[in-house]
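Report on the structure
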Amino acid sequence: MQRVFASTPNRLIRAGTNKNSRSLHASAGLNRSNEDREYLHRTRIPTYHFQKSLPRLPVPALDKTCQRYLQAQLPLLSQQEHKELQSVVADFKATDGKKLHDQLVESDKNNKHTNYVSDLWFDMYLKDRRPVLLTHNPFITLTDDPKPQYNTQLIRASNMLISTVRMMKTLRDNQLEPEVFHLNPKKSDTDTFRSVTRLLPQAISWYGAYLFKAFPLDMSQYYNLFNSTRIPRPERDELCKSEKTTHVTIMRNGNFYVFDMMDKDGNIIPETEVLAHLEYILKDQTPSPEFPVSVLTSEFRDVWTKARVEIINADPQNEETLRLIDSAIFSMSLDGHHDTDPDEMTRTFLHGDGLNRWFDKSLQLLISSGGRVAIHFEHAWGDGVAILRYLREVNRDSVEKPGVHPDTKPAPNADSENKVRRLEFTLNASVKDTIQKAIKRFDTVTNSLNIGHLEYPQLTKKSAKKEQLSPDSLVQLIIQLAHFKVHQKNVGTYESCSTSAFKFGRTETVRSCTTATDAMCQMLYGKGSGSASVDQMLEGIKNCSTVHGQLTKDAALGQGFDRHLFCMKNFAEKQGMVIPMFEHPAYKNINHIILSTSTLSDPNVVIGGFAAVTPDGYGVGYSIDDNRCGFNIVSYAPVNVAQYLDACKTSLDDIVDILNKQKPKCVS
């Protein structure tokens, strides 16, 4: 299973929120009008104004897909193996591949309301019967509030809660500024752009933006950001969206609490009341449940599906309790510990203790006892595009315009005893037994994780750009070099790239193990070690950047090969067809992802990560910014993360030496 996490740092994709709108919103200060209090901002262009006219994701040409597939296989196969594969691919292109491609094109023409990947991609997630925990769900840790006195658990949780509900209302009421990439912000991120494009009919609005050299991005994923959850069902799970609910779920010590965040008029409740409710929950002495239902969300989906039905049948009130959890705006977990070590932080926010999480929830906000904030999210509904926008908006709002301060007193008339409800389940013996087994399985699988973190200040975005190199390509080269140094071979590698430039775009794969990275691996740690000059090695690094840049551009424009082949394979399976190319060992090998990688480069992010997607692989979350680059690696025992990180450090040293026109130690 491939990992799709955050956008590749491609200029077209990494648009973020418009800079001018950010400064306008921040200028409101702390003295909010009622309108300021209810919304993050009010946009002049409605949130989904461009959605209808977004271009559709193109179905790549079959010939191009076959060429790209063969090119990606070059560093993974011997010359003889690749020659044999060429024959297999040629036969596929002329026979079964042509039929399947034509079927896919015809289906795409008949379903213009979506794109050719979208429905099958949802099925891939929702039909997967493995646990969402570790298999799919990632986490992202946010930067602290720069004002230390605001980083207590109570104050930080209160402000993040208020800002999150403000974003929910902003989005729900079509007031969130659309996500737009401005090729030249000085000319297009302007009042003129907003005045003109807002007057255009939705059916042509994207084309109007295009004339300004501005590119609106897909926002369909935002729909499931709030009031949304994944519900276990037989064969295929369901994404459930509740349109009008106004409550939040708070978890503490494995207990569930709910309270409304809006009054009868739809306004956010007073900040002092939010503070009072959270303080009430933090002071509650109710012990952890002996049989925590929450741990079932970490189970295999069929186990959880059966248990959920039993829970509902055990007591009619259980169904209402589940409905309250599922329909909440989002879930917030108040944890009883605070980790500063990156490895322990990863363990806490990637999986925790299994009791104080609801892993099916589309969005979970995790607050440590020391005020550290992280996001944990279920992956079927969306990728990093909506999540990164969420954390940027909410983190900034909670810091720049906090509603709760160190001297804020809880409302004396908040009536938390009545307005805050602690939820309980009535369980039968069968469900209790299932929960006990789930706890054992959870402990076994999480204890098998190997985790490591590396910070490296010598390689930065600035130093990469100084050499006219893609920062992302450099980090991806390090990932390849480190693996080759340890294992002396190239392997299936996955880097996610957003296709949000298209309607309902999700991701495409960048196959970042290339002939260019293989050449560098051989130069430094393989057969050619010691034979190349510094100039030749520097030229090799530049070639890696060029090749990677083109692959990233192709992927962002919907011109990779993975999604195309994925859909054709799906069409074949539905017709009971056995396709030699899809059964070939080379196809299975390239899709056995040993290096699952995703960038987390964002100034709001401290650390993030995800588990390996194969038992013998590595989950590689990485970032590179103006001051450092870093890696957060997760694998399953016995895969040795420490050894891999040592190789990353050596590879980084060697690449930095080369960039400094020095011979690296490995060939000195």
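Our subject in this report is the structure included herewith. (Residues numbered from 1 in each chain as written. Predicted model: local features only at pLDDT ≥ 70, side-chain atom pairs only at ≥ 80, totals over all residues. Heavy atoms only, no water.)

Each helix and strand in the protein chain was counted, giving 25 helices and 18 strands. A globule of 668 residues ought to have a C-alpha radius of gyration of about 26 Å, and the protein chain, at 25 Å, matches this closely. For the protein chain, buried positions account for 61% of its 668 residues. Taking the contacts inside the protein chain whose residues are at least 6 apart along the sequence as the reference set, 79% of them involve residues at least 24 apart. A total of about 25900 Å² of accessible surface is found on the protein chain, and carbon and sulfur atoms cover 51% of it. For the protein chain, the separation between the mean place of its 81 positive charges and that of its 79 negative charges on side chains is 5 Å. (Helix = DSSP H or I, 4+ residues; strand = E, 2+ residues; numbered from the N terminus. Rg over C-alpha atoms; globule rule 2.2 N^0.38 Å. Buried < 20%, exposed > 50% of the residue type's maximum accessible area, 1.4 Å probe, protein only. Contact = heavy atoms within 4.5 Å. Areas by Shrake-Rupley, 256 points an atom, 1.4 Å probe, with all protein chains shown as cover. Lys, Arg positive; Asp, Glu negative; His and termini not counted. Charge placed at Lys NZ, Arg CZ, Asp CG, Glu CD.)

Moving on, we get to helix 6 (residues 118-126). Burial analysis of helix 6 places seven of its nine residues in the buried class, the great majority of the element. Looking only at helix 6, the buried set comprises Ser118, Leu120, Trp121, Asp123, Met124, Tyr125 and Leu126. Tucked inside the fold, the buried residues of helix 6 contact strand 4 (228-231), strand 5 (238-241), strand 14 (507-510) and helix 22 (562-574).

Attention shifts here to the packing of aromatic side chains. Applying the stated criterion across every chain, the model contains 18 aromatic pairs. Measuring from ring centre to ring centre gives 5.5 Å for Phe92 and Phe582, while their planes differ by 65 degrees; the resulting arrangement is edge-to-face. Of this pair, Phe92 sits in helix 4 (residues 79-94) while Phe582 is found in helix 23 (residues 580-583), placing the two residues 490 residues apart along the sequence. The pair Phe92 / Phe582 is uniform in exposure class, with both members buried. Connected via pairs of aromatic rings, a cluster forms that spans Tyr69, Phe92, Phe561, Phe582 and Tyr587. (Phe/Tyr/Trp six-rings, centres within 6.5 Å; stacked < 30°, edge-to-face > 60°.)

This part takes up the nonpolar core. Counting residues in each nonpolar core, the largest one holds 53 residues, and the members touching the most others are Leu161, Met261 and Tyr390. Residue contributions to this core peak at 10 residues, all from helix 7 (residues 153-172). Apart from residues lying up to four places away in sequence, Met261 is in contact with Leu161, Ile162, Val165, Thr246, His247, Val248, Asn267, Ile268, Ile269 and Val274. Within the second largest apolar cluster, 47 residues are counted, among which are Ile478, Ile479, Leu652 and Ile658. (Core = buried A, V, L, I, M, F, W, Y, C linked by side-chain atoms within 4.5 Å.)

Moving on, we get to the sheet that holds strand 13 (residues 493-498). Spatially, 12-18-17-15-13-14 is the arrangement adopted by the six strands of the open sheet, whose pairing is mixed. Edge strands, defined here as strands with exactly one partner in the open sheet, are strand 12 (449-456) and strand 14. Taking each pair of neighbouring strands and ignoring which way they run, the sheet shows an average axis angle of 25 degrees. Sheet analysis places strand 12 next to strand 18 (residues 629-636), joined by eight bridges and oriented antiparallel. Note on strand 18: the bridge partner recorded for Tyr456 is Cys629. Strand contacts of helix 19 (residues 471-487): strand 13, strand 15 (595-599), strand 17 (618-624) and strand 18, with the helix running at about 145 degrees to strand 17, the strand carrying the most contacts. (Pairing = 2+ DSSP bridges. Axes fitted to C-alpha atoms, helices over the stretch in contact; angles between N-to-C directions.)

Attention now moves to unusual backbone geometry. Of note, the amide linkage connecting Ala637 to Pro638 takes the cis form, showing an omega dihedral of 10 degrees. Examined against the element boundaries, Pro638 turns out to sit in the loop between strand 18 and helix 25 (641-659). Despite not being glycine, Lys213 has its phi angle at roughly 60 degrees, a positive value. Looking at the element boundaries, Lys213 is found in the loop between helix 10 (205-211) and strand 3 (214-216).

If you trace the backbone, Tyr587 turns up in helix 24 (residues 585-590). As a C-alpha pair, Tyr587 and Lys485 span 102 residues in sequence and 24 Å in three-dimensional space. In contact with Tyr587, not counting residues within four places along its chain, are Tyr69, Gln73, Leu565, Phe566, Lys569, Met581 and Phe582.

Turning to the side chain of Asp339, a few remarks are in order. Here Asp339 lies in the loop between strand 8 (331-334) and helix 14 (342-350). Despite its burial, Asp339 remains without a salt bridge, the nearest opposite charge being carried by Arg357 at 7.9 Å. For Asp339, the side chain forms a polar contact with the side chain of Thr348, separated by 2.3 Å. Apart from residues lying up to four places away in sequence, Asp339 is in contact with Glu344, Met345, Thr348 and Arg372. (Salt bridge = Lys/Arg side-chain N within 4 Å of Asp/Glu carboxyl O. Polar contact = N/O pair within 3.5 Å; in protein donor to acceptor, adjacent residues only side chain to side chain.)

Our next topic: the sheet that holds strand 11 (residues 421-423). Within a beta sheet, neighbouring strands are joined by backbone hydrogen bonds and run either parallel or antiparallel to one another. Taken in spatial order, the eight strands make up an open sheet running 11-7-6-8-9-10-1-16, and their pairing is mixed. Two strands lie at the open edges of the sheet, namely strand 11 and strand 16 (605-609), each paired on one side alone. Here the strands of the sheet are splayed against their neighbours by 25 degrees on average, with no regard to which way each runs. Across four bridges, strand 1 (residues 139-142) lies against strand 16 in antiparallel orientation. Pairing of Phe139 across the sheet is with Gly609, part of strand 16.

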